[in-house]
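Chain by chain, the residues run as shown.
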Amino acid sequence: MKRTRADAEAGNRTISRRAAVLGGLQLAFVGGLAARMNFLQVDQADQFRLLAEDNRIKDSLIPPARGEVFDRNGVQLAKNVPSYRIIVKREDIGDVDEALERLGRVVRLDPDDLERAMIEMKRSAPFHPITVAENVSWEDISRVSVNAPALPGVTPEVGLSRIYPLGSDFAHVLGYVGPVSDYDLEQMEAPDQLLLIPRFQIGKVGIEAKQEDRLRGKAGVKREEVNATGRVMRELDRREGRPGADIQLTIDANLQNYVQARLGQESASAVVMDCETGDLVAIASAPSFDPNLFVRGISVANYKELTENIYRPLASKTVQGVYPPGSTFKMMTALAALEEGMAQPDETVYCPGYLEVADRRFHCWKRGGHGYVDLQNSLKQSCDVYYYDLALKVGIEKISAMAQRFGLGVRHDVPMSAISQGLTPTKDWKRRVHGQEWVIGDTVNASIGQGYMLASPLQLAVMTARIATGRNVTPRLVKSVDGIEEPSGAGESMGLNENNLRKMRRAMYDVVNDRRGTGYGSRIITEGMRMAGKSGTSQVRNITAAERARGVVNNNDLPWERRDHALFVSFAPVENPKYAVSVIVEHGGGGSSAAAPIARDVTLQALYGGPPPLDAYPSKDRGRIKAQQEELQAVRPLADLGGSDQA
């Protein structure tokens, strides 16, 4: 059939319409695509760039260097040292058991460390580094590096670890650090993210714990590129954090070292306080322990040995221990009566060896009695009956109030762990705590520091410093933080009658320097350095009639843990008090025989800034003291620290 021109034109028109429609559709598609691309790439560019960054960039914390601790002269007490460790990544080591077996043939692996590492591996991502050995030697690191081809996924690293150069001397003051535990985290409302880093170490007790916020510092941040599974591809940026603050203590390391050695293996404690500033220049508990054991991970055997020792080496007895203060408390009873005008220094009381109160005899330590005694002689000879009589006049409320003014029954603000408040009892306290009414016998017992009355060695040192100065001296343990001085503990006047305080000081002088004084055997004979003090014996229990019938008649006949505590407080020099000292020897017996000699030796060491000359001692004691000094010097490996480790 012959196609006409009209038919051809009609066909062309159809093709043109189709082309136009197709072209229009193509144009619309391209236009829509361009608009969408413009929307995504221009209008939404910032949003999508942020999403991409969030998926690609990971911020990680960089642990800061922990602040270091120094004594008052710059001797380093707690420092950071390089610590080598070995880490593994589960995704790179293949079979875990086989890989650890290979590693164990190269270096010795502690079973406890391996057990902790296995637990961490199970709850961590495969690419997360896990520590399998800490505090390894450089030789171990070298062996791992040499055997690297056979140990895929095993990497040696270097970090910082805590060390205490003076070991046991400062264990109860500094405490120690250890890995963050679940218990630690539970005690915090909003834990610092640093604490979530595996095995990150924080202070557990002592200065390390109480000054944790200052010592820890602020974390740095490193920005890393990670892939879709979270594996680090490369480090993009790093901002270093702020190291922890360095802390300078008020303690003199040489004096602390001497005091610790002088206490030896006794269950005892001693505090030396600067009367002018309140600085604690020594605060020692014995026996002590090596805090480095806890940093490295103490063994079960070592920990058991410490916890089962009846002398309680882990306890900081200077602040945690509270004891009946015994006759060291008599100054409080006397001052309460004097300040209330209920007694005069020259008034006498007759002591026949006991006082009858409410159909009960309260005995004096001297069974035959002291006869007529005034204030000065009562304190010098430690007559109990004199203070029984004062207590009946003044009452427990005023006695306890005076004791609190002198720092007893007060929890002093020093950064050490488990500080005890002690106890200055009142009628309301007994009613509230024991559900019983106060009786007159309670007051009689309290007057000589027995019964419910309790005080710590730190509190007794504060009491003595306040008697010596008449000021509200408060204890200070931190001298400066990053070079900025902390407030002094000098304190203002207590507002007491100065004549009454002079009477106390004069009587305490006679305790040590008068031939009839209970502390005469521990006197200092150097003019200008003489000591004033007061001995005390803190009764743990009464010897029963049945025990007396069996021949148990004195303290030494009893088992150690049932013997009386020995106490002594002192200050020196008398004319211008520089140091106040308190010493407690647990179950040591008499304060004059067990605690006073320690207090005298410690006081002389503090006054002379080192071993005192033998002529500071009575001539009859010099041979014994010389032998003692030589013996102590031999067991003091850290003596005469000087400035070699100063900051």
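Residue numbers run consecutively from 1 along every chain, following the written order of its sequence. Per-residue local features are limited, in this predicted model, to residues with pLDDT of at least 70; the limit for side-chain atom pairs, both in listing and counting, is 80 or more; totals at the level of whole chains, interfaces and linings are taken over all residues. In computing side-chain properties, one takes all heavy atoms of the structure into account and sets aside hydrogens as well as water.

- The name given to the protein in an unreviewed UniProt entry is Penicillin-binding protein 2, with the source organism recorded as Pseudosulfitobacter pseudonitzschiae.

## A word on the pattern of salt bridges
Here is step 1 of the chain: Salt bridges are defined by distance alone: a side-chain nitrogen of Lys or Arg within 4 Å of a carboxyl oxygen of Asp or Glu. For the structure shown, the criterion picks out 33 salt bridges.
Here is step 2 of the chain: Its salt-bridge partner being Glu212, residue Arg66 comes within 2.7 Å of it at the nearest N-O pair. Taken as a pair, Arg66 in the loop between β1 (57-62) and β2 (69-70) and Glu212 in helix α10 (residues 212-216) lie far apart in primary sequence, 146 residues in all. Strands here are runs of E lasting at least two residues and helices are runs of H or I lasting at least four, both read from the DSSP assignment and numbered beginning at the N terminus.

## Focus: the nonpolar core
Here is step 1 of the chain: Throughout, nonpolar core names a set of buried Ala, Val, Leu, Ile, Met, Phe, Trp, Tyr and Cys residues whose side chains join them through atoms within 4.5 Å. In this scheme, a residue with accessible area under 20% of its type's maximum is buried, one over 50% is exposed, and one in between is partly exposed, where area comes from a 1.4 Å probe on protein chains only. Judged by nonpolar contacts, the single largest core of 96 residues is most densely connected at Val173, Leu174, Leu249, Met331, Met332, Phe406 and Met463.
Here is step 2 of the chain: Ranked by the residues each element gives to this core, the list is headed by helix α21 (residues 457-469), at 8 residues.
Here is step 3 of the chain: Those residues in contact with Leu174, other than ones at most four positions away along the chain, are Val69, Leu77, Ala78, Tyr164, Val205, Gly206, Ile207, Glu208 and Leu249.
Here is step 4 of the chain: With 36 residues, the next largest nonpolar core counts Ala261, Leu263, Met529 and Ala595 among its residues. Two residues form a contact once any of their heavy atoms are found within 4.5 Å.

## Re the environment of Ala401
Here is step 1 of the chain: Along the chain, Ala401 falls in helix α18 (residues 396-405).
Here is step 2 of the chain: For Ala401, a relative accessible area of 43% corresponds to the partly exposed category.

## Examining the side chain of Arg523
Here is step 1 of the chain: Tracing the backbone through its elements, the reader meets Arg523 in the loop between α22 (498-513) and β19 (532-538).
Here is step 2 of the chain: Only four residue types enter the charge count, namely Lys and Arg as positive and Asp and Glu as negative; His and the chain termini do not. For the buried Arg523, no salt bridge is present, and the opposite-charge side chain at shortest range is Asp621, 5.8 Å distant.
Here is step 3 of the chain: Whenever a nitrogen or oxygen atom comes within 3.5 Å of another N or O atom, the pair is scored as a polar contact, on the condition that within protein one atom can donate a hydrogen and the other can accept it, and that pairs from neighbouring residues in sequence are kept only if both atoms are in side chains. Only 2.8 Å separates the side chain of Arg523 from the backbone oxygen of Tyr520, close enough to count as a polar contact.
Here is step 4 of the chain: In this structure, Arg523 is in contact with Val512, Asn513, Arg600 and Pro618, ignoring residues within four places of it in sequence.

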